[in-house]
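Structural overview
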Amino acid sequence: MRPQVVAHRGASFENAEHTLGAYLAALDAGADALECDVRLTADGHLVCFHDRDLRRTASSPGSVSTMELAELAELDFASWKNPWADLDDEADERPREHDGVLTLRKLFETVADYDRRIEVAVETKHPTRYGGLVEKRLVELLRDFGWDRPGTPARVMSFSHTALQRVERLAPGVPLVQLVDRVEWWPLLSRVVGRDWVVAPGIDELTAHPRLGRRIARTGRPMHVWTVNTPAQLDTCLELGVAALITDRPAYLLGLLDDRLG
């Protein structure tokens, strides 16, 4: 079975992560699904953002949790990826909204309006200043789109087992994905993850500890793997029968899959 190709923070190898431009590029490339991290702003908006602070992607002091959406909207979240873009006179002019802060609502609207089914994998980040309020706001937004029931195109991921339990209580119809980044934690997690949850180990752990993938596969749970960017990593996943490949390079990985699976 051909695995789903999930664009990690959009087509983030070539584009600034978590921007609308990165996600549109992923959709144009043919990605089956989009992945994003979410954080809550000081005025209660969920935004697509990985880091706690703004230094890496906006060259600005401060943190997402202490700023309001309007303040974040004043910042440029794309120049760090391609600082020489303004010197390219032949490049097409990009709409400003493609490079600014992206709300989860806007990403959901983009997916809902697309001309084919696109799935969305939303990772909630913990620990965070707002604790369980992040999951509460996320479920409220899923309900706004009618995506809180079986058949939803959305799924929720987290390294926090407690965070996923919150979502399960609030919206039992939403698929859940337990992220795993340490091989030594799997024996404990394997005893507590929900019966229908997906397991998502990192490719580095699978590569360094080949038995981990086989142990997860034997549970019969679907496996999603992050972040798969090379031919060797793809081959590891295909051998394990992975259901979803989370990648920074959706166009490249789709091409590799065509070569291997036809």
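Quick look at the structure, then.

Cut-offs and rules
Residues numbered from 1 in each chain as written. Predicted model: local features only at pLDDT ≥ 70, side-chain atom pairs only at ≥ 80, totals over all residues. Heavy atoms only, no water. Buried < 20%, exposed > 50% of the residue type's maximum accessible area, 1.4 Å probe, protein only. Helix = DSSP H or I, 4+ residues; strand = E, 2+ residues; numbered from the N terminus. Pairing = 2+ DSSP bridges. Right-handed = clockwise from strand over helix to strand, strands pointing away. Salt bridge = Lys/Arg side-chain N within 4 Å of Asp/Glu carboxyl O.

1. So, the pairing of strand β7 (residues 198-201)
Residue alternation in β7 divides its side chains into two sets, Val198 and Ala200 and Val199 and Pro201, and both sets are buried. For strand β6 (residues 176-180) and β7, the ladder comprises 4 bridges, and the chain directions are parallel. Following the sheet pairing, Val177 is matched in β7 by Val198. Handedness of the β-α-β unit built from β6, helix α7 (residues 186-192) and β7 comes out right-handed.

2. Considerations on the pattern of salt bridges
Pairing is possible between side chains of opposite charge, provided their charged atoms come close. For the coordinates displayed, the defined rule picks out 18 salt bridges. Its salt-bridge partner being Asp258, residue Arg2 comes within 2.8 Å of it at the nearest N-O pair. A residue pair is termed long-range when its members are at least 10 positions apart, and Arg2 in the segment before β1 (4-8) and Asp258 in helix α11 (residues 250-261) qualify at 256 residues. In this structure, Glu135 engages Arg166 in a salt bridge whose closest nitrogen and oxygen atoms are separated by 2.9 Å. Taken together, the residues Glu135 in helix α5 (residues 133-144) and Arg166 in helix α6 (residues 161-170) connect sequence positions 31 residues apart. The class for Arg166 is partly exposed, based on a relative accessible area of 22%.

Purely geometric numbers; function is a separate question.
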